[in-house]
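Results of the structural survey
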4 protein chains.
Amino acid sequence: MAPPLTKRQQQAAATAEQLLAAAREVFVTRGYVATTVGAITEAANTAHGTFYLYFRNKEDVFGRLIKDVAAEMYREAQAPWTGDPFEALELAIRGYLGVFAAHGGVWRCLMEGLHQSPVLEAMWLDVRRPFIDRIDHNLASLVAAGSVRELDTTVAAHALGSMVEWFAFTHLVLGMPPAERRSLDEVAHSLTDLWFNAVYGRVDAKGPRSTS
Amino acid sequence: MAPPLTKRQQQAAATAEQLLAAAREVFVTRGYVATTVGAITEAANTAHGTFYLYFRNKEDVFGRLIKDVAAEMYREAQAPWTGDPFEALELAIRGYLGVFAAHGGVWRCLMEGLHQSPVLEAMWLDVRRPFIDRIDHNLASLVAAGSVRELDTTVAAHALGSMVEWFAFTHLVLGMPPAERRSLDEVAHSLTDLWFNAVYGRVDAKGPRSTS
Amino acid sequence: MAPPLTKRQQQAAATAEQLLAAAREVFVTRGYVATTVGAITEAANTAHGTFYLYFRNKEDVFGRLIKDVAAEMYREAQAPWTGDPFEALELAIRGYLGVFAAHGGVWRCLMEGLHQSPVLEAMWLDVRRPFIDRIDHNLASLVAAGSVRELDTTVAAHALGSMVEWFAFTHLVLGMPPAERRSLDEVAHSLTDLWFNAVYGRVDAKGPRSTS
Amino acid sequence: MAPPLTKRQQQAAATAEQLLAAAREVFVTRGYVATTVGAITEAANTAHGTFYLYFRNKEDVFGRLIKDVAAEMYREAQAPWTGDPFEALELAIRGYLGVFAAHGGVWRCLMEGLHQSPVLEAMWLDVRRPFIDRIDHNLASLVAAGSVRELDTTVAAHALGSMVEWFAFTHLVLGMPPAERRSLDEVAHSLTDLWFNAVYGRVDAKGPRSTS
DNA sequence: TATGAATGAGGCTTCATTCAT
DNA sequence: GATGAATGAAGCCTCATTCAT
């Protein structure tokens, strides 16, 4: 099954891995812009030139890292979404926040790199898309089933995704105040509450008075 | 009251203004990282060295710009919030989106610069705070008045603010798809609908199952 | 007579040939300086290191190529030089121009490489020498036979050789204007006319004034 | 008349001159390809970065040098071309050879650089053109006056120019044998003799027999 | 023989910052 | 105040060459 690797190929793979790991390390600690190829090779204990055997440049390594890391993160963040809707949602949001808290450095770097090249921007949007699409799909099912009011599911999916994502970023990565005084569980509960009402709410546009 | 300015001081003030304007221009078109002091002085038609008479470095000018520009933008984005709650909210959100659409370059640069130094990060959070605080305050009033259910108004304020902010950024600045097929008004309406229900919703956690 | 080659030796010879052919190809298309060992091995479909099994470095391969290629070209350019002197000369010159036109890339590279190392310079001069010597020899015969005036045949040989060579290079390789509007035959005729008169001319230094 | 230069401008001009002189020195001794910006600034006793204040890169300095130096050389090589035609021609050729002998290093470098970029190639052709044009023009006058037979003056001008140029290069710069045993005067005389006969010759194409 | 991963020297270019004018 | 020439550190990238497999 596994292609038989020669010793050379193993060596090479190991070097690539070493560089990738070093790159991740350096990116996380110094940020995207401040990271230099020299810093990466130094951390990887390889010659400077070795880097260019495996990557075209900084953007290139970062791109590969994004694909690996971000995909892994969005995956990790996806709870099963079965059983009681509220609980399922809460679990998912809690998972997402957990990932953010655990991989803050990566996330911060990703958010930074995003601005440094159209390629990385596109890459990020690509990695993020499935996450949003999943929300969209779920909302569409609910609307189709008549469980929730008519709504523009695509905009809603992006908006709700953005809510959690940007809240998580500003609080868990940038460390804004509320996060400090509340547990992840409390925050997750609040976010779920908002999301849940935003979706299942029956308040019509003319105001709260008509609420059942 | 105002101390009479000497000719020199007027000159100096004019030069500073010139540099500031040029910096804004350059930051917006090239982005934070790609902007160089040389590009700014060139755009300002001043000598390279003149820059350092007024600013310590790039971070310094940018900091001053943030204070001016971002504050102005968050201010511009604030509708009066009177009359019918839904309409007031919609107006506010619509205003916010409008500002984003109009000043995309500034926002993009702001979001980018944010990641380039702790000082700028703090500055951005400072500029942003009043915007969130205002939401928090409004929510708190509603809760106090019993108009809406009990909720963690601070977390909610951050979450809702994040929702609009990050949605606006990804769509109006990065140009994600939904924005292309919907008018600002439509998007504003959808966001308002979500926000409104999130706040005024009465769906309790155990509820939706019974609504289906 | 020929020592029977082992399988290995055949292999090796084939590889060397492959590299040589690839080198020629690459040199012609990229020029001497721009050619890298990597480009050669890539074109030859061999490992990078294999190159060093057969050549010391770029200069080395190029040297061998010169010997093969340039000698072949100078040979190709030599018409038999029998029969009517003018026609023989014209044929020879026409042949020379033809070779230049056909192998422009090789010449260009040769002329370039020439400047990159004393060794290559000497090599080129060596390859070129027979070509000049032949002219010298022919001129000497003519002088000895009294068919042409006394002249420094060696200088004349170099001068006339240079005339054709450099004209051919500037026009057929660098593409200077006259070449574009004249056929090779026309140019060859003009050159032959000049050469012929230069050699067979009887105009003495004091003469032309009386011809006017 | 002279624009009054401030001290600063004088300084700057001096630096530029320093760099230019250093560049010339380095180019001549190391050749075009082997010359590095670092070597130039070192020779000029300036910081590495200073170079880029005055030139875009190596090609750029070289281009400016060509314009200065080569033009100067072609100019120096132009004798008045009056009085006795043979003597005038001999003088011109002698001057040309003298220039080559004196500025061999520059010429060698020029011939080398020529191959390293289309821009430099074009530049060389431009500098050279007037030299060829002048010959063409003179030949055309002679033909018009009936002093010489009908001939393709343009091709002849290029050919004769090439003869002297390439002979000079191979002998005075590359140091081919004949130059070592003959004085510049002797060589000039031989070249003039060839040129003169090539132009004023009346030998018709069918061979020496019909010569007057 | 052949391979190709690894090395590291070397050249290029940009720019923030200083300082004499 | 304003100028702009000069500096030199810092990053980028390429390649010739070696050597263990």
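Residue indices follow the written sequence of each chain, beginning from 1 at its first position. Chains carry letters from A onward and ligands carry numbers from 1 onward, assigned in written order. In keeping with the predicted nature of the model, local features appear solely for residues at pLDDT of at least 70, side-chain atom pairs appear and are counted solely at 80 or more, and the whole-chain, interface and lining totals rest on all residues. Side-chain numbers here rest on the full set of heavy atoms in the structure, without hydrogens or water.

1. Regarding the packing of helix α8 (residues 153-173) of chain A against helix α10 (residues 184-200) of chain A
All names here are of chain A. Convention followed: Interaxial angle, 0 to 180 degrees, is taken between N-to-C directions of lines fitted to C-alpha atoms, where a helix line uses only the stretch in contact. Numbering of helices and strands starts at the N terminus; helices are DSSP runs of H or I of at least 4 residues and strands are runs of E of at least 2. Here is the rule for angles: anything less than 35 degrees is roughly parallel, anything more than 145 is roughly antiparallel, 65 through 115 is roughly perpendicular, and the remaining ranges are oblique. Less than a right angle of anticlockwise turn of the near helix away from the far helix marks a crossing as left-handed, whereas a clockwise turn marks it as right-handed. Any two residues whose heavy atoms approach within 4.5 Å are treated as being in contact. Here the nonpolar group is Ala, Val, Leu, Ile, Met, Phe, Trp, Tyr, Cys and Pro; Asp, Glu, Lys and Arg are the charged ones; every other residue, Gly included, is treated as polar.
Remark: α8 packs on α10, axes separated minimally by 11 Å, with the N-to-C direction vectors making an angle of 160°. In terms of their interaxial angle, α8 and α10 are classed as roughly antiparallel. Crossing angle aside, the handedness with which α8 passes α10 is right-handed. Counting all contacts with α8, which are made through L160, G161, M163, V164, F167 and L172, the residues of α10 involved are L184, V187, L191, L194, W195, A198 and V199. Looking at the contact of α8 with α10 residue by residue, the classes come out as twelve nonpolar, one polar and no charged.

2. Thoughts on the domain arrangement of chain A
All names here are of chain A. Quick note on the threshold: For the purposes of this description, domain bounds are those given by an automatic or database domain assignment. Joining two parts hides part of their accessible area as seen by a 1.4 Å probe, and the buried area is that hidden amount summed over both. Every case where a carboxyl oxygen of Asp or Glu lies within 4 Å of a side-chain nitrogen of Lys or Arg is listed as a salt bridge. Polar contact criterion, stated in full: a pair of N or O atoms within 3.5 Å, where within protein one must be able to donate a hydrogen and the other to accept it, and residues adjacent in sequence count only if both atoms are side-chain atoms.
Domain boundaries assigned for chain A yield domain 1 (7-55) and domain 2 (57-200). On a C-alpha basis, the centroid separation for the pair domain 1 and domain 2 is 29 Å. Counting residues at the interface gives twelve residues for domain 1 and 19 residues for domain 2. Regarding the contact of domain 1 and domain 2, the summed buried area is about 1500 Å², with carbon and sulfur atoms giving 71% of it. On the surface where domain 1 and domain 2 come into contact, there are zero salt bridges. Here domain 1 and domain 2 share six residue pairs in polar contact (both at pLDDT 80 or more) between them.

3. Details of the protein's contact with DNA strand F
Operational definition: If even one non-hydrogen atom of a residue comes within 4 Å of a molecule or strand, that residue is called near it.
Neighbouring DNA strand F are 35 residues, the closest being B:Y54, C:H48, D:R8, D:T15 and D:Y54. When atoms of DNA strand F within 4 Å of the protein are split into backbone and base, the sugar-phosphate part holds 62%. Contact distances for DNA strand F include 3.4 Å between a base oxygen and a side-chain N or O atom of A:R8. One of the backbone nitrogen or oxygen atoms of D:G49 is found 3.4 Å away from a base nitrogen of DNA strand F. Every element with two or more residues in the surface near DNA strand F is listed here: α1 (7-30), α2 (37-44) and α3 (48-54) of chain A, α1 (7-30) and α3 (51-54) of chain B together with α1 (7-30) and α3 (48-54) of chain D. For the surface near DNA strand F, the leading source of residues is α1(B), giving five residues. Of the residues belonging to the surface near DNA strand F, the class tally is twelve nonpolar, 19 polar and four charged.

4. Focus on helix α5 (residues 85-102) of chain A
Residue pairs three or four apart in sequence face the same way in an α-helix, which turns once every 3.6 residues. Residue and element names in this part refer to chain A. Spelled out, the test is: Given the number of residues in a helix, its expected span is that number minus one, multiplied by 1.5 Å. The classification of residues rests on relative accessible area computed with a 1.4 Å probe and restricted to protein chains. Under 20% of the type maximum is buried, over 50% is exposed, and intermediate values are partly exposed.
The end-to-end C-alpha distance of α5 is 25 Å, a good match for the 26 Å that 18 residues give at a rise of 1.5 Å each. Looking only at α5, the buried set comprises F86, A88, L89, A92, I93, Y96, L97, V99 and F100. Looking at the buried residues of α5, the elements they touch are α4 (58-76), α6 (104-113), α7 (118-144), α8 and α10.

5. Side note on α7(A)
Applied cut-off: The term bend refers to the angle at a residue between two fitted axes, each drawn through seven residues, those ending there and those starting there.
End to end, α7(A) covers 37 Å across 27 residues, agreeing with the expected 39 Å (1.5 Å per residue, within 8%). In the structure, α7(A) departs most strongly from a straight axis at A:R129, where the bend amounts to approximately 35° and where the proline A:P130 lies between one and four residues downstream.

6. A look at the interface of chain B and chain A
In this complex, chain B contributes 52 residues to the contact, which on the side of chain A involves 54 residues. Surface buried jointly by chain B and chain A totals about 4900 Å² across both partners, of which 66% is contributed by carbon and sulfur atoms. On the chain B side of the contact with chain A, B:H115, B:W166 and B:L194 bury the most area, a combined 14% of that side's loss. One can count six salt bridges joining chain B with chain A. Residue B:R182 is joined to A:D152 by a salt bridge in which the shortest nitrogen-to-oxygen separation is 2.4 Å.

7. Quick look at the interface of chain D and chain C
Taken together, the 54 residues of chain D in the interface contact 52 residues of chain C. When the two sides are added together, the surface that chain D and chain C hide from each other amounts to roughly 4900 Å², 65% of it contributed by carbon and sulfur. The set of elements that each furnish at least two residues to the side of chain D that touches chain C consists of α5 (85-102), α6 (104-113), α7 (118-144), α8 (153-173), α9 (177-181) and α10 (184-200) of chain D. It is α8(D) that contributes the most residues to the side of chain D that touches chain C, 13 residues altogether. The residue inventory of the side of chain D that touches chain C, partitioned by class, reads 26 nonpolar, 13 polar and 15 charged.

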